[in-house]
Amino acid sequence: QSVLTQPPSASGTPGQKVSISCSGSSSNIGRNTVNWFHHLPGTAPKLLIYTNNQRPSGVPDRFSGSKSGTSASLAISGLQSEDEADYYCASWDDSLNGWVFGGGTKLTVL
Amino acid sequence: QVQLQQSGPGLVKPSQTLSLTCAISGDSVSSNSAAWNWIRVSPSRGLEWLGRTYYRSKWSTNYALSVRSRITISPDTSKNQFSLHLKSVTPEDTAIYYCARTPATGSIDCWGQGTLVTVSS
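## With respect to the interface of chain A and chain B
Across the contact, 16 residues belong to chain A and 20 residues belong to chain B. On the chain A side of the contact with chain B, Pro45(A), Trp99(A) and Phe101(A) bury the most area, a combined 38% of that side's loss. Summed over the shared surface of chain A and chain B, the result is zero salt bridges. When contributions to the side of chain A that touches chain B are tallied by element, the ones reaching two or more residues are strand 3 (34–39), strand 7 (85–93) and strand 8 (98–101) of chain A. Of the residues belonging to the side of chain A that touches chain B, the class tally is 10 nonpolar, six polar and no charged.

Laid out in structure tokens, this is it:
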């Protein structure tokens, strides 16, 4: 059972916009920033969004993040087939004194 | 450019100790602004943070509750690396293990290549 809650799956067609939610609590998202990761099985996770809405160099501006209260969201616009992957949110938890992750959302591009 | 290179066995017997090492290039394990993490991923549990070590005038560690009684993460400043030791493993500990860096921005921005560790007799 993950501390952060994500939908297990999401889908969209090429060119569409999809959003993935991440729900937490006052001890994690409510107090700290949110990160999003892209993960393909067999490869290392890749940082997509940090500090709620910042993109590392090289991440396309099709990816955007937002946070409100104890929830966050990742939006992917102009969906492409190569976006098919697992997406995880993460935040520091002050009560657990450690990183907590969502359970992951499997994105399918139809 | 920071790079993390993992090493260690891919097969561990039940009840034994899983040991992995992460060699750092492009940064220092003794950095006053970074932290050094171990994270694992499995189909049943997704991404799971195991713990970290960091230096802020002295060395500190934090461990996940789920493994706190079995885990040790330790730095080796002479080799600029850090290690994971997880004792009394069971098949539930079978996963891909990653080392990763937390920079000053507070994210997790750099990952090792991953090591598939299978716990089996």
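Don't stop here, the text continues.
## A closer look at the packing of aromatic side chains
Under the definition given, this model contains eight aromatic pairs over all chains. On the basis of an interplanar angle of 80 degrees and a centroid distance of 5.6 Å, the ring pair of Phe37(A) and Trp111(B) is categorised as edge-to-face. Of the two residues, Phe37(A) is situated in strand 3 and Trp111(B) in strand 10 (residues 110–111); the pairing between them involves two chains. Ring geometry for Trp92(A) against Trp99(A): centres 5.9 Å apart, planes inclined by 90 degrees, an arrangement best described as edge-to-face. Accessibility classification places Trp92(A) together with Trp99(A) in one group, the buried group. Taken together, Phe37(A), Phe101(A), Tyr98(B) and Trp111(B) form an aromatic cluster joined through their ring pairs.

## Some details on the sheet that holds strand 5 (residues 63–68) of chain A
All names here are of chain A. Overall, antiparallel pairing links the three strands, which are arranged 2-6-5 in an open sheet. Of all the strands in the sheet, the pair left with one neighbour each is strand 2 (18–23) and strand 5. Averaged over all pairs of adjacent strands, the angle between strand axes in this sheet comes to 20 degrees, irrespective of strand direction. In this structure, strand 2 lies alongside strand 6 (residues 71–76), joined through six bridges in antiparallel fashion. In the strand pairing of strand 6, Ser21 is matched with Ser73.

Quick notes on the rules
Residues numbered from 1 in each chain as written. Chains lettered and ligands numbered in written order. Predicted model: local features only at pLDDT ≥ 70, side-chain atom pairs only at ≥ 80, totals over all residues. Heavy atoms only, no water. Contact = heavy atoms within 4.5 Å. Buried area = accessible area lost by both parts, 1.4 Å probe. Salt bridge = Lys/Arg side-chain N within 4 Å of Asp/Glu carboxyl O. Helix = DSSP H or I, 4+ residues; strand = E, 2+ residues; numbered from the N terminus. Nonpolar A, V, L, I, M, F, W, Y, C, P; charged D, E, K, R; others polar. Phe/Tyr/Trp six-rings, centres within 6.5 Å; stacked < 30°, edge-to-face > 60°. Buried < 20%, exposed > 50% of the residue type's maximum accessible area, 1.4 Å probe, protein only. Pairing = 2+ DSSP bridges. Axes fitted to C-alpha atoms, helices over the stretch in contact; angles between N-to-C directions.

In short, the description is geometric, and any link to function would need to be established separately.
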